[in-house]
Amino acid sequence: EYPSGSACICAAYAEVLQMLSPLGDELGVPVEQFIAAGSSLLEKDVVPASDITLTYTKWSEIKSACGSSRENGGMHFSQAVPAGDFLCTGVGHKIKDKAVLLKNGDIAGAMVDFDD
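### Some remarks on the overall build of the protein chain
- The helix and strand tally for the protein chain stands at four helices and two strands.
- When the helices and strands of the protein chain are read in sequence order from the N terminus, they spell out α-β-β-α-α-α.
- Relative to a compact globule of 116 residues, whose C-alpha radius of gyration would be 13 Å, the protein chain shows 17 Å and is clearly more extended.
- Expressed along its principal axes, the backbone C-alpha trace of the protein chain runs to roughly 55 × 35 × 20 Å.
- Per-residue burial over the protein chain gives 22% buried out of 116 residues.
- Relative to all contacts within the protein chain whose residues are 6 or more apart in sequence, the contacts with residues 24 or more apart total 57%.

So this is what it looks like as structure tokens:
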């Protein structure tokens, strides 16, 4: 089994947003996603068996749900998600640093640095 690339992306995404948000890990307002019973496109009127409301108040909660979705969907075994998370933890700092360079008009922010 390989590290989950999706979990890796989820970790980097959450890390960048935690750094850019003035609230850090907190979202400030709850983010909710409602999924109606029987709304599956492939198994209409069967799954989910009942209404589901997913609620998140932190970027870390979104990161966890995002990464775990790959295991829950059967694409990975349980070890792949934490391995993907570990693989990309710290990448967010490099992404943020490049974005700051671009925002300040420095073309170095757009260039690949193989030493990163």
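### Some details on helix α3 (residues 80-88)
- Buried residues of α3: Ala 80, Val 81, Gly 84 and Cys 88, and no others. One face of α3 carries all of its buried residues, which in axial projection span an arc of 100°.
- On its buried face, α3 is in contact with α1 (5-20), α2 (59-72) and α4 (91-103).
- After α3 finishes, the residue Gly 90 shows a positive phi value of roughly 105°.

Each value, and the rule that gives it
Residues numbered from 1 in each chain as written. Predicted model: local features only at pLDDT ≥ 70, side-chain atom pairs only at ≥ 80, totals over all residues. Heavy atoms only, no water. Helix = DSSP H or I, 4+ residues; strand = E, 2+ residues; numbered from the N terminus. Rg over C-alpha atoms; globule rule 2.2 N^0.38 Å. Buried < 20%, exposed > 50% of the residue type's maximum accessible area, 1.4 Å probe, protein only. Contact = heavy atoms within 4.5 Å. Arc of directions from axis to C-beta.

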